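Descriptive structure summary
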Amino acid sequence: MSTPLDSPIPLPLPRVAIIGAGRVGSTLAQRIAEKNLADVVLLDIVEGMPQGLALDLLEARGLELHNRQIIGTNNYADTSNSQIVVMTAGFPRKPGMSRDDLLKVNAKIVVEAAKQAIAYSPHAIFIVVTNPLDVMTYLAWQATGIKRDRIMGMAGVLDSARFATFIALELGVLPADVKAMVLGSHGDLMVPLSGYATVNGVPITELLDPATIERLVERTRNGGAEIVKLIQTGGAFFAPASATSVMVESILLNQSRLLPVAAYLQGEYGLDDVVIGVPCRLGLSGIESILELNLSESEIKALHISAQSVRQQIEQWYFSSV
Ligand SMILES: NC(=O)C1=CN([C@@H]2O[C@H](COP(=O)(O)OP(=O)(O)OC[C@H]3O[C@@H](n4cnc5c(N)ncnc54)[C@H](O)[C@@H]3O)[C@@H](O)[C@H]2O)C=CC1
Ligand SMILES: O=C([O-])CC(=O)C(=O)O
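Residues numbered from 1 in each chain as written. Chains lettered and ligands numbered in written order. Predicted model: local features only at pLDDT ≥ 70, side-chain atom pairs only at ≥ 80, totals over all residues. Heavy atoms only, no water.

As recorded by an unreviewed UniProt entry, the chain carries the name Malate dehydrogenase and is attributed to Anabaena azotica FACHB-119. Heading Catalytic activity (unreviewed entry) of the UniProt record for the chain holds this comment: "(S)-malate + NAD(+) = oxaloacetate + NADH + H(+)". Here the chain is described in UniProt, under the heading Function (unreviewed entry), as follows: "Catalyzes the reversible oxidation of malate to oxaloacetate." (UniProt positions renumbered as here; feature names shortened; annotations may be inferred.)

**Some remarks on the site of ligand 2**
Neighbouring residues of ligand 2: Arg-93, Arg-99, Asn-131, Leu-158, Arg-162, His-186, Gly-224, Val-228 and Ala-236. In isolation ligand 2 exposes 260 Å². Once the protein is present, 92% of that is buried. When residues of the shell around ligand 2 are traced back to their parent elements, those giving at least two are α6 (156-171) and α8 (223-231). Partitioned by chemical class, the residues of the shell around ligand 2 number 3 nonpolar, 3 polar and 3 charged. The residue makeup of the shell around ligand 2 includes at least three contributed by each of domain 1 (15-153) and domain 2 (156-321). (Near = heavy atom within 4 Å. Areas by Shrake-Rupley, 256 points an atom, 1.4 Å probe, with all protein chains shown as cover. Helix = DSSP H or I, 4+ residues; strand = E, 2+ residues; numbered from the N terminus. Nonpolar A, V, L, I, M, F, W, Y, C, P; charged D, E, K, R; others polar. Domains from an automatic or database assignment.)

**As for the side chain of Asp-134**
Along the chain, Asp-134 falls in helix α5 (residues 133-144). Buried charged residue Asp-134 carries no salt bridge. Nearest counter-charge: Arg-99, at 7.9 Å. A polar atom in the side chain of Asp-134 sits 2.8 Å from the backbone nitrogen of His-186. Non-local contacts of Asp-134, meaning those with residues more than four positions away in its chain, are made with Gly-184, Ser-185, His-186, Ala-262, Val-275, Ile-276, Gly-277 and Val-310. (Buried < 20%, exposed > 50% of the residue type's maximum accessible area, 1.4 Å probe, protein only. Lys, Arg positive; Asp, Glu negative; His and termini not counted. Salt bridge = Lys/Arg side-chain N within 4 Å of Asp/Glu carboxyl O. Polar contact = N/O pair within 3.5 Å; in protein donor to acceptor, adjacent residues only side chain to side chain. Contact = heavy atoms within 4.5 Å.)

**Focus: the packing of α6 against helix α7 (residues 210-221)**
Running from N to C, α6 and α7 cross one another at 140°; their axes reach a closest spacing of 9 Å. By the criterion of interaxial angle, the relationship of α6 to α7 is oblique. For the pair α6 and α7, the sense of crossing is right-handed. Mapping the contact onto sequence places Asp-159, Arg-162, Phe-163, Phe-166, Ile-167 and Glu-170 in α6 and Thr-212, Arg-215, Leu-216, Val-217, Arg-219 and Thr-220 in α7. Classifying every residue of the contact of α6 with α7 by side-chain character gives 5 nonpolar, 2 polar and 5 charged. (Axes fitted to C-alpha atoms, helices over the stretch in contact; angles between N-to-C directions. Parallel < 35°, antiparallel > 145°, perpendicular 65-115°, else oblique. Left-handed = near helix turned anticlockwise from the far one by under 90°.)

**Details of the pairing of strand β2 (residues 39-43)**
Extensive coverage of β2 is indicated by the burial of 5 of its 5 residues. A two-sided burial pattern is seen for β2, the buried positions comprising Asp-39, Val-41 and Leu-43 on one face and Val-40 and Leu-42 on the other. Here strand β1 (residues 15-19) pairs with β2 via 5 bridges, running parallel. Note that in β2 the partner of Ile-18 across the bridge is Leu-42. Bridging between β2 and strand β3 (residues 70-73) involves 4 bridges; their strand directions are parallel. Residue pairing across strands places Leu-42 opposite Gly-72, the latter belonging to β3. (Pairing = 2+ DSSP bridges.)

**Looking at the UniProt feature "active site" (unreviewed entry) in the chain**
In the numbering used here, UniProt assigns the feature "active site" (unreviewed entry) to His-186. Relative to the assigned elements, His-186 resides in the loop between β8 (182-183) and β9 (191-192). Overall, the relative accessible area of 10% leaves His-186 in the buried class. Among residues more than four places away in sequence, those in contact with His-186 are Arg-99, Asn-131, Leu-133, Asp-134, Ala-155, Leu-158 and Asp-159. Reaching out from His-186, the side chain makes a polar contact with the side chain of Arg-99 at a distance of 3.3 Å.

In structure tokens:
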């Protein structure tokens, strides 16, 4: 006779749907599978392409020693009951463009795709990656109608990783020893917090002079454009995929990590009805809490200027779409 212990009910494997199987989406699929975090459904409008990428990733499974399922599809029904939906569908910018130049073309794609995805995964947590990031996250939140703790944008983890990289390169220390935090919108008005950047707990203000820190801050603000200018045909995707996978991991493994995440604010930092990067705890329920740091007057001012630019973009979109 079997007991419940003899025949445990198999737990459903976590599933992550990635909408948009381009460079960021497909690299993220690889990261998630190889970190053994979840099964992955890669969806794109281009026929055959996500299926081909999924097959390619499957053929690497035995070599990479994981056993995660990877499905490529053009059909939202295949994304059903995903725990997380990551939105990477849309156009990347080309040299000379700002992220905001993508607003019109990507808004339509993201709104439509978010509506389709939520219909099949009504309990999913959404992570938006498509640019312009903060506005796309706001529009996806509206399109899905889900609570604010279940929707967020990826930008701060990437921008902070870039800031940490430039600090590590400047000082010749291990990147893993550098911790940095970048808040605000994902654009020229982002707010790198130099006072919170440390090398194993030692503030960088003790290690670098103000002019050098300002140079590294400027390089961070320009980090995406620097890569777009070099690649020419699109933007960064390795580090963006890594940054997104860190968020996915913190949610699925309930790590409750404190990460800079684009979140819908309701009064935090004196800001309301806008999406902007702030420190959040990420766990199984999505955004568990938003941490309000004791920022200096100039940092708060910079955050508000950043939020104002996001608001203007949101208004511009609604104005042009009525
Ligand atoms: N938040 C961030 O820090 C970052 C944001 N990005 C943004 O992520 C987006 C994707 O970048 P890449 O992967 O490099 O671009 P990509 O061009 O390589 O991939 C985009 C994919 O979206 C697909 N797509 C377009 N319309 C679609 C629809 N309606 N439904 C499903 N799929 C659709 C395309 O067929 C393409 O495969 C861009 O907007 C880019 O600016 C990229 C890097 C970092
Ligand atoms: O720069 C871009 O267009 C892509 C992006 O957001 C980034 O790499 O930070």
